[in-house]
There are 2 protein chains.
Amino acid sequence: MGRTSDAKEKILTAAHSLIEQRGYSALGVAEICKTAGVPKGSFYYFFDSKEALALAVIDEHWDSERREWVRILGGDAEPLDRLRQLFEATEATQRTGQESCGAISGCLFGNLSLEMSNQTEAVRERLQEIFEAQAELVAGVIAEARERGEVTVPDTRAAAQSVVAQLEGQILFAKLYNNTSTLGTLWANCLALLGAKAPARV
Amino acid sequence: MGRTSDAKEKILTAAHSLIEQRGYSALGVAEICKTAGVPKGSFYYFFDSKEALALAVIDEHWDSERREWVRILGGDAEPLDRLRQLFEATEATQRTGQESCGAISGCLFGNLSLEMSNQTEAVRERLQEIFEAQAELVAGVIAEARERGEVTVPDTRAAAQSVVAQLEGQILFAKLYNNTSTLGTLWANCLALLGAKAPARV
């Protein structure tokens, strides 16, 4: 009993929520199973270790976030407007999380980078891949904008990493102050980092 | 025995190092005392709780870092050059840490913001005060640069927070990749965020 894909999904959902609230180190498998409402035996049927669970939570979250980033950054809007939409979506996600649980949980990948990256190599590598994928997606849009003469950066990949670093830094403050207003600066700061002017709003 | 200021200092040093390596949640008082080489009774003579110890570690680190920031940002160099010196000092500190322990530990305040800010109000408030103090110090330099017509930002305090957010975001990447080279972008990105040009090097 409990060894169904339903149980696996329950464990992943509980783990995601607990990691967002309290981080990874503070959690035990027993507590995750209790929150998920599944017997502890189920855990080891689906996951070899707590680290394997963390990797599964990271993958599931990135699957979902990547779809959103690809939808927005691959959309029909002008390139720079797509970056604005990404920041607005990020702010909306954090606000929704805050409304549902009272606290801004921040970026799962940023949280785990600072908590775990010098503890487990597997998690560090996975998080590196995710941030590289994010920078690639943003770099593609910056390259489009550069072809149109809208930005002046010499290195689109380095500029993209700076934009993502800025996103992570402001999300850190949003979490620390439990206030999304800091995220309102992302768009203007992105334009500044790219040496761009705001495109005319349609 | 052990209830001397030497024991307190040993506990603080051990806790600082362990928190940098593994975060706060994963630590127990017994391990901290063992690393410090002091009996567990000493711990509760000096600290009411693990949270009280965390606050003491934060305060001690900020005392030291604040002196460095004040020395650099209150120095005799041109205002924008002082910001460059701050980034260079940050990179040098992370490189020294990496050389001594093999891994970049990042920013203690950023690490604890993402790990602990939605768990303990006392730590959250202390970290907020520290980041506000950092932004104030940077804002003072930006205001000087603005008076000299070297930067164009409308709001020096918001600009300072963006500069500090950028610093935190790039330190996150330095820690994740265990590589300080990402910090080499801080100066150019700061100038971009401030709408400034690099001052002529003396």
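Treat the numbers as computed from the prediction; the structure is a model and nothing was measured. (Residues numbered from 1 in each chain as written. Chains lettered and ligands numbered in written order. Predicted model: local features only at pLDDT ≥ 70, side-chain atom pairs only at ≥ 80, totals over all residues. Heavy atoms only, no water.)

Draft legend 1. How the structure looks around the overall build of chain A. What chain A contains, in helices and strands, is 9 helices and 0 strands. Sequence-ordered secondary structure for chain A, helices as α and strands as β, is α-α-α-α-α-α-α-α-α. Here the C-alpha coordinates of chain A stretch approximately 60 × 30 × 30 Å along the principal axes. Within chain A, buried positions represent 52% of all 202 residues. Residue pairs in contact within chain A that sit at least 24 positions apart in sequence constitute 65% of those at least 6 positions apart. Each charge class in chain A was averaged separately, 21 positive and 28 negative side chains, and the resulting centres sit 4 Å apart. (Helix = DSSP H or I, 4+ residues; strand = E, 2+ residues; numbered from the N terminus. Buried < 20%, exposed > 50% of the residue type's maximum accessible area, 1.4 Å probe, protein only. Contact = heavy atoms within 4.5 Å. Lys, Arg positive; Asp, Glu negative; His and termini not counted. Charge placed at Lys NZ, Arg CZ, Asp CG, Glu CD.)

Draft legend 2. Fine view of the packing of helix 6 (residues 108-116) of chain A against helix 7 (residues 121-147) of chain A. Residue and element names in this part refer to chain A. Orientation of helix 6 relative to helix 7, taken along the N-to-C sense of each, is 145°, at an axis distance of 10 Å. You can see that helix 6 and helix 7 cross each other, and the crossing is left-handed. Every residue of helix 7 that contacts helix 6 at Phe109, Gly110, Leu112, Ser113 and Met116 is listed here: Val123, Leu127, Ile130, Phe131 and Gln134. A breakdown of the residues in the contact of helix 6 with helix 7 according to their chemical character gives 7 nonpolar, 3 polar and no charged. (Axes fitted to C-alpha atoms, helices over the stretch in contact; angles between N-to-C directions. Left-handed = near helix turned anticlockwise from the far one by under 90°. Nonpolar A, V, L, I, M, F, W, Y, C, P; charged D, E, K, R; others polar.)

Draft legend 3. View of the domain arrangement of chain A. All names here are of chain A. Looking at chain A, the domain boundaries give domain 1 (1-47) and domain 2 (56-194). Of note, the centres of domain 1 and domain 2, computed from C-alpha atoms alone, are 27 Å apart. Contact with domain 1, which involves 10 residues of that partner, is made by 11 residues of domain 2. Buried surface at the junction of domain 1 and domain 2, summed over both partners, amounts to about 970 Å²; 62% is from carbon and sulfur atoms. Counting the contacts that link domain 1 with domain 2 gives 0 salt bridges. At the boundary of domain 1 and domain 2, one finds 2 residue pairs in polar contact (both at pLDDT 80 or more). Looking at side-chain class alone, the side of domain 1 that touches domain 2 contains 5 nonpolar, 3 polar and 2 charged residues. (Domains from an automatic or database assignment. Buried area = accessible area lost by both parts, 1.4 Å probe. Salt bridge = Lys/Arg side-chain N within 4 Å of Asp/Glu carboxyl O. Polar contact = N/O pair within 3.5 Å; in protein donor to acceptor, adjacent residues only side chain to side chain.)

Draft legend 4. Region of the structure containing the relation of the copies chain B and chain A. Mapping chain B onto chain A leaves a residual RMSD of 0.0 Å; the transformation is a rotation of 180° accompanied by 0.0 Å of translation along its axis. In short, the pair behaves as if placed about a two-fold rotation axis. Measuring from the rotation axis to each C-alpha of chain B, the shortest distance belongs to Gly169 of chain B, at 2.1 Å. By residue overlap, the copies meet face to face through one surface: 100% of the interface positions of chain B are interface positions in chain A. (Least-squares fit on C-alpha atoms with pLDDT ≥ 70 in both.)

Draft legend 5. Just unusual backbone geometry, in detail. Phi at Asn178 of chain A takes a positive value of approximately 45°, unusual for a residue other than glycine. Within the secondary structure, Asn178 of chain A is located in the loop between helix 8 (156-177) and helix 9 (186-194).

Draft legend 6. Here's a closer look at the pattern of salt bridges. All names here are of chain A. Per the counting criterion, the structure on display carries 26 salt bridges over all chains. Across the salt bridge formed by Glu78 and Arg148, the nearest N and O atoms sit 2.4 Å from each other. Residue Glu78 is found in the loop between helix 4 (50-73) and helix 5 (79-101), and its partner Arg148 is found in the loop between helix 7 and helix 8; the two are separated by 70 residues along the sequence. The structure contains a network of salt bridges with shared partners spanning Glu78, Arg148 and Glu150.

Draft legend 7. Looking closely at the environment of Ala103 of chain B. Along the polypeptide, Ala103 of chain B turns up in the loop between helix 5 (79-101) and helix 6 (108-116). Since its relative accessible area comes to 16%, Ala103 of chain B is described here as buried. Setting aside residues up to four positions removed in sequence, Ala103 of chain B forms contacts with Asn118 of chain A together with Gly97, Gln98 and Asn178 of chain B.

Draft legend 8. Local environment of the interface of chain B and chain A. Contacts between the two partners involve 39 residues from chain B, matched on the other side by 39 residues from chain A. Summing both sides of the interface, chain B and chain A together bury roughly 3500 Å²; the carbon and sulfur share of this comes to 61%. Across the contact surface, chain B and chain A share 0 salt bridges. For the interface between chain B and chain A, the tally reads 18 residue pairs in polar contact (both at pLDDT 80 or more). Among the elements of the structure, helix 1 (5-22), helix 6, helix 7 (121-147), helix 8 (156-177) and helix 9 (186-194) of chain B are those that each provide at least two residues to the side of chain B that touches chain A. Broken down by element, the residue count for the side of chain B that touches chain A peaks at 12 residues, all from helix 8 of chain B.

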